[in-house]
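# Secondary and tertiary structure notes
Chain by chain, the residues run as shown.
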Amino acid sequence: MAILVTGGAGYIGSHVVLALLEQNIDVIVLDNLSHSSRKSINRIEKLIDKKIIFIEGDIRNRKCLRNLFSIHNIFAVIHLAALKSVGESIFNSLEYYNNNISGTILLLEEMRIAKILNFIFSSSATIYGADALSPYTENMTISGTTSPYSTSKLIIELFMQHLSKVEPAFTGIALRYFNPIGAHESSEIGEDSSFTSNLLPCIAQVATGKMDKLIIFGNDYNTPDGTAQRDYIHVVDLAKGHIRILNNLPKIKGYKAYNLGSGKCFSVLEIIKIFEKISGKKIPYEFKLRRVGDLPSFWADISLAKNELNWFPKYNIKDMICDMWNWYLKNPNGFL
Ligand code: NAD
Ligand code: UD1
């Protein structure tokens with residue numbers, strides 16, 4: 001029995017695939033490589049000295065899914081394939097709805113036909129919306145999202161809730177990721193800055209001279225230094241969360257959501273300061289207007305994952321930034 005990882009060539013997916021292989025779990029990766037490189041899969045194979053079944057394909061391709069599910073014996077799907085930029089989704093909402101919602105519906109339909117009952121979904125802290133107060137808890141009321149990206153994640157969670165009611169054998173687990181950063185300690189896999197506009201890759205681009213300065217989106221937030229705060233979590237800790245889910249799967253019934261964050265928050269200016277100390281590089285920056293769709297500040301209550309899954313983040317913010325920086329030093333052009 002294998003686990004299908006959609007989006008397994010991407011930043012988080014590659015770390016999840018490695019963590020699964022480290023546990024001797026068979027993995028099949030489905031990825032259309034729209035935002036990743038095949039080389040991440042090659043690097044994992046080399047690291048762990050195992051072959052990965054990699055299928056270059058789209059979750060919206062019914063024929064591809066039908067074929068995949070008829071050939072392979074799959075126990076669970078870890079579904080990471082999605083478009084993920086909050087800002088981009090505002091201007092490109094239909095593309096986000098098509099990829100993230102229509103694609104996931106098709107995947108769930110084909111899973112049902114193939115009688116695959118376990119679905120682990122990459123959700124997001126952004127679903128809690130503008131009115132939620134931190135620390136976010138899984139059972140708090142969700143009042144409205146601030147971007148099509150977040151809406152796409154929330155809608156899939158609602159589908160999962162409903163499916164688990166009408167199909168009692170279906171288990172749907174939503175992992176609400178906070179802000180993953182860092183890289184595997186080998187520096188062989190990490191976040192390729194050519195595919196992302198996240199804070200840490202942008203800081204690394206400034207440090208390596210690829211960008212003149214960092215644009216900080218907003219310094220008028222109601223936070224101690226005026227810049228936005230996020231809960232950063234090491235991508236390896238996040239990947240381990242998926243292993244804890246699989247270990248606990250027999251105990252979990254129906255739909256369940258877990259926050260995966262560190263439970264602490266740091267502002268953009270604090271992150272820059274820590275990065276400068278670790279790298280010895282100065283990061284010039286300029287304040288600009290807030291980015292549309294961004295929230296001022298949020299962090300997770302992670303007691304549910306701690307208590308029910310026995311999942312504890314191991315790495316602190318310095319470890320995260322250090323691993324991220326080592327990855328960039330070793331791979332200044334990502335997977336190129
Ligand atoms: P990523 O872009 O590195 O990985 C996503 C992968 O999915 C890429 O390899 C891409 O090629 C693939 N993909 C996209 N659409 C596809 C499709 N239609 N068919 C097949 N493959 C497709 O992003 P990531 O940071 O690794 O994020 C993984 C998941 O985690 C996403 O669902 C994202 O929404 C979610 N998430 C990410 C963050 C974050 O800050 N990185 C936070 C919360 C949630
Ligand atoms: C990220 C993810 C989103 C995920 C969410 C969960 C991306 C693009 N977004 O969003 O998928 O659901 O975490 O928490 O992967 N910033 C700057 N300058 C920059 C870049 C960022 O000031 O050049 C600021 C942003 O305004 C934000 C903070 O840094 O306040 C973090 O931004 P970013 O890394 O893009 O992540 P999120 O927007 O939080």
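Anything mentioned here points back to the structure above.
Our subject in this report is the structure included herewith. (Residues numbered from 1 in each chain as written. Chains lettered and ligands numbered in written order. Predicted model: local features only at pLDDT ≥ 70, side-chain atom pairs only at ≥ 80, totals over all residues. Heavy atoms only, no water.)

When you line up the elements, Tyr96 lands in helix H5 (residues 93–113). For Tyr96, a relative accessible area of 0% gives the class buried. Separated by 54 residues in the primary sequence, Tyr96 and Ser150 place their C-alpha atoms 9.8 Å from one another. Each residue touching Tyr96, except ones within four places of it in the same chain, is listed here: Leu83, Lys84, Ser85, Glu88, Ser89, Ile101, Tyr149 and Ser152. (Helix = DSSP H or I, 4+ residues; strand = E, 2+ residues; numbered from the N terminus. Buried < 20%, exposed > 50% of the residue type's maximum accessible area, 1.4 Å probe, protein only. Contact = heavy atoms within 4.5 Å.)

With that settled, the discussion passes to the site of ligand 1. Near ligand 1 you find 29 residues, and of these Ile12, Asp31, Ser36, Asn99 and Tyr149 are the closest. Within the contact set of ligand 1, a nitrogen atom lies 2.8 Å away from a side-chain nitrogen or oxygen of Asn99. With the chains in place, 96% of the 820 Å² that ligand 1 exposes on its own is no longer accessible. The set of elements that each furnish at least two residues to the shell around ligand 1 consists of helix H1 (11–22), strand E5 (118–124) and helix H6 (148–166). With three residues, E5 is the single largest residue contributor to the shell around ligand 1. Looking at side-chain class alone, the shell around ligand 1 contains 12 nonpolar, 12 polar and five charged residues. (Near = heavy atom within 4 Å. Polar contact = N/O pair within 3.5 Å; in protein donor to acceptor, adjacent residues only side chain to side chain. Areas by Shrake-Rupley, 256 points an atom, 1.4 Å probe, with all protein chains shown as cover. Nonpolar A, V, L, I, M, F, W, Y, C, P; charged D, E, K, R; others polar.)

Turning our eyes to something else, we now look at the pattern of salt bridges. The tally for this structure, following the rule as stated, stands at 16 salt bridges. Between Glu110 and Arg62 there is a salt bridge whose closest N-O contact spans 2.8 Å. Of this pair, Glu110 sits in helix H5 while Arg62 is found in helix H3 (residues 62–71), placing the two residues 48 residues apart along the sequence. With a shortest N-O distance of 3.0 Å, Lys330 and Glu188 are connected by a salt bridge. Of this pair, Lys330 sits in helix H11 (residues 317–330) while Glu188 sits in the loop between strand E7 (179–181) and helix H7 (199–207), and the two are 142 residues apart along the sequence. For Glu188, a relative accessible area of 23% puts it in the partly exposed group. In this structure, a network of salt bridges that share partners links the residues Arg62, Arg66, Glu109 and Glu110. (Salt bridge = Lys/Arg side-chain N within 4 Å of Asp/Glu carboxyl O.)

Another aspect to go through is the nonpolar core. With 81 residues, the main nonpolar core has Leu20, Ile78, Leu214, Ile245, Ile317 and Ile321 as its most contacted residues. Tallying contributions element by element places H1 first for this core, with eight residues. Filtering out sequence-adjacent residues up to four positions away, Leu20 remains in contact with Ile3, Val5, Ile25, Val27, Ile78, Ile243 and Leu246. Ile59, Val77, Ala81 and Met160 belong to the second largest nonpolar core, which has 27 residues in total. (Core = buried A, V, L, I, M, F, W, Y, C linked by side-chain atoms within 4.5 Å.)

At the junction of Ser134 and Pro135, the peptide bond is cis and its omega measures out at 0° in the coordinates. With respect to the element layout, Pro135 can be found in the loop between E5 and H6. Positive phi values are uncommon outside glycine, yet Leu33 reaches one of about 60°. With respect to the helices, strands and loops of the structure, Leu33 is situated in the loop between strand E2 (26–31) and helix H2 (38–48). What makes Leu33 buried here is its relative accessible area of 19%. One non-glycine residue with positive phi stands out, namely Asn310, at about 60°.

As a further point, take empty space enclosed by the protein. Applying the stated criterion to the full structure yields one cavity of 30 Å³ or more. What the largest cavity holds in volume is close to 40 Å³. Along the walls of the largest cavity sit Tyr11, Ile181, Gly182, Glu191, Leu200, Pro201, Met324, Trp327 and Tyr328, which together make up its complete lining. Those elements that place two or more of their residues in the lining of the largest cavity are H7 and H11. (1 Å grid on protein atoms, 1.4 Å probe; cavity = no way out; pocket = protein on both sides within 12 Å on 5 of 7 lines; lining within 4 Å. Points joined across faces, edges and corners; volume = space filled by probe spheres on them.)

Another point: the sheet that holds strand E3 (residues 53–56). Spatially, E3-E2-E1-E4-E5-E6-E11 is the arrangement adopted by the seven strands of the open sheet, whose pairing is parallel. Pairing within the sheet leaves two strands with one partner each, and these edge strands are E3 and strand E11 (255–260). Here the strands of the sheet are splayed against their neighbours by 20° on average, with no regard to which way each runs. Two elements, E2 and E3, share four bridges in a ladder whose sense is parallel. Residue pairing in the sheet places Asp31 in a bridge with Glu56 of E3. Taken strand by strand, H5 contacts strand E1 (2–6), strand E4 (74–79) and E5, and its axis lies near 165° from that of E5. Contacting E5, strand E6 (171–177) and E11, H6 runs over the sheet at an angle of about 150° to E5. (Pairing = 2+ DSSP bridges. Axes fitted to C-alpha atoms, helices over the stretch in contact; angles between N-to-C directions.)

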